[in-house]
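So you can see what is in the structure, the chains are spelled out below.
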Amino acid sequence: MSNEEQLLKRPLYVFDLPDTLLSNLVLKTGRETPSPPEAIETSVSTSNQDGEATATSCGLCGTNSTTVGEQRAHVRSDFHRFNLKRKIAGRAAVLEAEFEKMLEDLNESISGSENDSESSGDDNDPLSTLLRRKARIANENAESPNQVFRMGPGKAPIIWYSSPLLPPTISLGVYRALFSHTEREEADYISGLQSSQLKAKPEEKPPHIFMCMIGGGHFAAMVVSHAPKNVKKQGAMEREVTVLAHKTFHRYTTRRKQGGAQSSNDSAKGNAQSAGAQIRRYNEAMLTTEVRDLLASWKELIDTAKLIFVRATGSANRRTLFGYEDALLRNNDPRIRGFPFTTRRATQSELLRCFIELTRMKISRIDEAALAALAEGSKKAAEAPTVKPSKPEVPKLTKEEEAQILHSTQLTALIRRSKAAALLSYLATNKLSPDFQFSPPNHHSPTLLHFAASSNSPAVVSALLTKAGSDPTSTSPQQPKTPFELAGDRATRDAFRVARAELGESKWGWTKARVPTALTKKQAEERERREKADNEKEEKARRQKELEKLKQQEAKNPTKAGGGRSLASSIVMGLSRREEEEKGLTPEAKARLERERRARAAEERIRKMQGK
């Protein structure tokens, strides 16, 4: 087995690397190398070469101008504005060469920056971006809930190493988040990796990491030891993660199909009074209490954790973890990190996956020469002038075509709303044919009658056939079906049969239109009354049968003694009262009444839960 295969035959654990590999690691010297600490700023001279100050010199930037015009141009330059803002912030000015170097570094690293806030604002103003970057570097240790989750601007999330024991195309990576702030500031990634090994301090208790996620009503927390445990599986010893403590919670707090937490919606639109809103508001308060109680019970484990990884999406979730009285997690704690990769829903298995992802050394097998050639090709392609393809000219419509489109839009809207009288009036006013064809063509419903039949509008179908004179036999090459064949319910089909009876057999070729035998309006109404009576009779018989069954059950197991009201009589009264309330209501009003009943029942359950 080769040396490479021996080292890479199993995943490399960051805190327990082989001695041969650890002693030969070298920090990569390409773009993967972390940026060095900020250069020490030197004082700026304000005199000319002879040591004397001139009238056109800039005492802030230390530059000398030969003319007044040059001095005015310097005052309006980004270099002077940058030093002026640094002076207002109480910081020393920089030389022009240092300013140009800062802009070059900014252009190289801003596209890979991990800092979300730097990409906001005016992206075309490099001075504003540079000032934001310098302000963040100066306040890196300040207490801010938005800074504790970021590793700093312009820094890649992974530190890459090479080793003479491995081929030059293989690189080993470790997440920057595993190093302390001191190690990152001093770029001391070799000794930092060596000091984090478990064998470096065998006499001490192995360190541990605290991880937690909260979002969308889900919370998961876990404390994991650096030292894995050896487990025998199928005759071989394997390492497994040592979980010291873990806990998950879930509460219904997000508004289904609408997104966002209930507290966010309350902040934007005010407190909603629906039953669902009250349930979500109650669950948010309970989740906050449960999470804070759990953190308090884990105080010793959290205080002794070497690193703390937190994912808290949204201000409400951050308030659950930070900023309250006796909070264990503080915004300015240098141990706090954000997860430097995409995470999924907060669960115990997801936290285990994140721990393995963090502590497993990454292996890259990329040829750097090919990578440099690819970058050079991309740079040349970006520099090449791009020719925008000319947009195809939209053909100009004539007045007749525009009128045809307008009529199609208006007629479609009238048919969808079943406005039969308005439809006939529109056709008469604009002198349109009852067999009007839509523009642009509607291949499914080419004529008004086709569209009315497919929309299940019997009133419009009846008006078009009996009053407008639409042809029920019309078809098209794209739609070989007649209007009757597109009807989707019995009422629409009956409208065709009634029209056949009223217009007579000689008016149209009803057989060609595939319309069944004629049906008079009186026959249709009589059939509808008969079916309604049969349905009511069946429903009455079913209720009577249910009541008889309840009476028999009550006779065997009486629920009340004496003159108490029986269960059957209570049900009869309830059904009668409900029927009385729903009498004369439309189906929409009945559905609205039923929703109100359910909402009142839900509110009553909430009051009972809260002990009111």
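Below or above, wherever it landed, is the structure these notes cover. Residue positions are given per chain, counting from 1 as you read along its sequence in written order. Residues qualify for local features only when their pLDDT is at least 70, as the model is predicted, and side-chain atom pairs are given and counted only at 80 or more; totals for whole chains, interfaces and linings, by contrast, use all residues. By convention in this description, side-chain values take in all heavy atoms of the structure and omit both hydrogens and water.

### Structural notes on helix H20 (residues 490–503)
Here is step 1: Only DSSP runs of H or I covering at least 4 residues are called helices, and only runs of E covering at least 2 are called strands; the numbering of each starts at the N terminus. In this scheme, a helix's expected span is set at 1.5 Å multiplied by one less than its residue total. Compared with an ideal rise of 1.5 Å per residue, which puts 14 residues at 20 Å, H20 spans 20 Å between its outermost C-alpha atoms and is within 8% of the ideal.
Here is step 2: Per-residue accessibility, obtained with a 1.4 Å probe over protein chains only, is compared with the maximum for each type, and a residue is labelled buried under 20%, exposed over 50%, and partly exposed between these values. Among the residues of H20, those classed as buried are Thr492, Asp494, Ala495, Phe496, Arg497, Val498, Ala499 and Arg500.
Here is step 3: Residue contacts follow a heavy-atom distance rule, with two residues in contact if any of their heavy atoms lie within 4.5 Å. Summarising the contacts, the buried residues of H20 are in contact with helix H17 (448–454), helix H18 (458–468), helix H19 (483–486) and helix H21 (521–556).
Here is step 4: Phi turns positive one or two residues past the end of H20, at Gly504, with a value near 95°.

### Some points on the sheet that holds strand E12 (residues 336–337)
Here is step 1: Taken in spatial order, the five strands line up as E10-E7-E6-E11-E12 in an open sheet, and their pairing is mixed. What marks the edges here is a single partner per strand, and that holds for strand E10 (243–250) and E12.
Here is step 2: Two strands pair under a simple rule: DSSP has to find at least two bridges between them. Pairing of strand E6 (residues 208–215) with strand E7 (residues 218–225), which is carried by eight bridges, proceeds in the antiparallel orientation. In the sheet register, Met213 faces E7, and the bridge partner there is Ala220.
Here is step 3: Docked against the sheet, helix H10 (residues 275–297) engages E6, E7 and E10, running at close to 170° with respect to E10. For helices, the fitted axis covers only the stretch in contact; all axes are lines through C-alpha atoms, and the angles between them, taken along N-to-C directions, range from 0 to 180 degrees.

### Considering the pattern of salt bridges
Oppositely charged side chains can pair when the atoms bearing their charge come close.
Here is step 1: Note on definitions: salt bridges are taken to be side-chain nitrogens of Lys or Arg within 4 Å of carboxyl oxygens of Asp or Glu. By the definition in use, this model includes 18 salt bridges.
Here is step 2: For Arg514, the salt bridge goes to Glu485, with nearest N and O atoms at 3.4 Å. Here Arg514, found in the loop between H20 and H21, pairs with Glu485, found in helix H19; they are 29 residues apart in sequence, far enough to count as distant.
Here is step 3: Overall, Arg514 belongs to the partly exposed group, its relative accessible area being 43%.
Here is step 4: Through salt bridges with shared partners, one network takes in Arg330, Asp333 and Arg335.

### Comments concerning the pairing of E7
Here is step 1: Within E7, eight of the eight residues are buried, which leaves the element mostly enclosed by the surrounding structure.
Here is step 2: Burial along E7 is two-sided: His218, Ala220, Met222 and Val224 and Phe219, Ala221, Val223 and Ser225, pointing in opposite directions, are all buried.
Here is step 3: The antiparallel hairpin formed by E6 and E7 contains two residues in its connecting segment, where Gly216 sits at a positive phi of about 65°.
Here is step 4: Pairing geometry for E7 and E10, over seven bridges, is antiparallel. In the sheet register, His218 faces E10, and the bridge partner there is His250.

### Focus on the nonpolar core
Here is step 1: Judged by nonpolar contacts, the single largest core of 41 residues is most densely connected at Tyr161, Leu193, Met211, Phe309 and Phe339.
Here is step 2: Secondary-structure elements contributing two or more residues to this core are helix H2 (19–22), strand E4 (158–162), strand E5 (170–175), helix H8 (189–195), E6, E7, strand E11 (307–312) and helix H13 (348–359).
Here is step 3: Discounting residues that sit within four places of it in the chain, Phe339 has contacts with Met211, Cys212, Met213, Phe309, Val310, Arg311, Leu351, Cys354 and Leu358.
Here is step 4: Core analysis: the second largest hydrophobic core is formed by 28 residues, Leu423, Ala463, Ala495 and Val515 among them. Put simply, a nonpolar core is a bunch of buried Ala, Val, Leu, Ile, Met, Phe, Trp, Tyr and Cys residues held in one set by side-chain atoms that sit within 4.5 Å of each other.

### Quick word on the packing of H18 against H20
Here is step 1: It is the contact of H18 with H20, at a shortest axis distance of 9 Å, that shows an interaxial angle of 20°. On the basis of their axis angle, the class for H18 and H20 is roughly parallel. Two packed elements cross with a definite hand, and for H18 against H20 that hand is right-handed. Residue-level contacts link Pro458, Val461, Ser462, Leu465 and Thr466 of H18 to Ala491, Thr492, Ala495, Phe496, Ala499, Glu502 and Leu503 of H20.
Here is step 2: Each residue is assigned to one of three groups, with Ala, Val, Leu, Ile, Met, Phe, Trp, Tyr, Cys and Pro labelled nonpolar, Asp, Glu, Lys and Arg labelled charged, and all others, Gly among them, labelled polar. Of the residues contributing to the contact of H18 with H20, the split by class is eight nonpolar, three polar and one charged. Angles below 35 degrees are treated as roughly parallel, those above 145 as roughly antiparallel, those between 65 and 115 as roughly perpendicular, and all remaining angles as oblique. Crossing chirality is assigned from the near helix's rotation relative to the far helix, an anticlockwise turn below a right angle marking it left-handed and a clockwise turn marking it right-handed.

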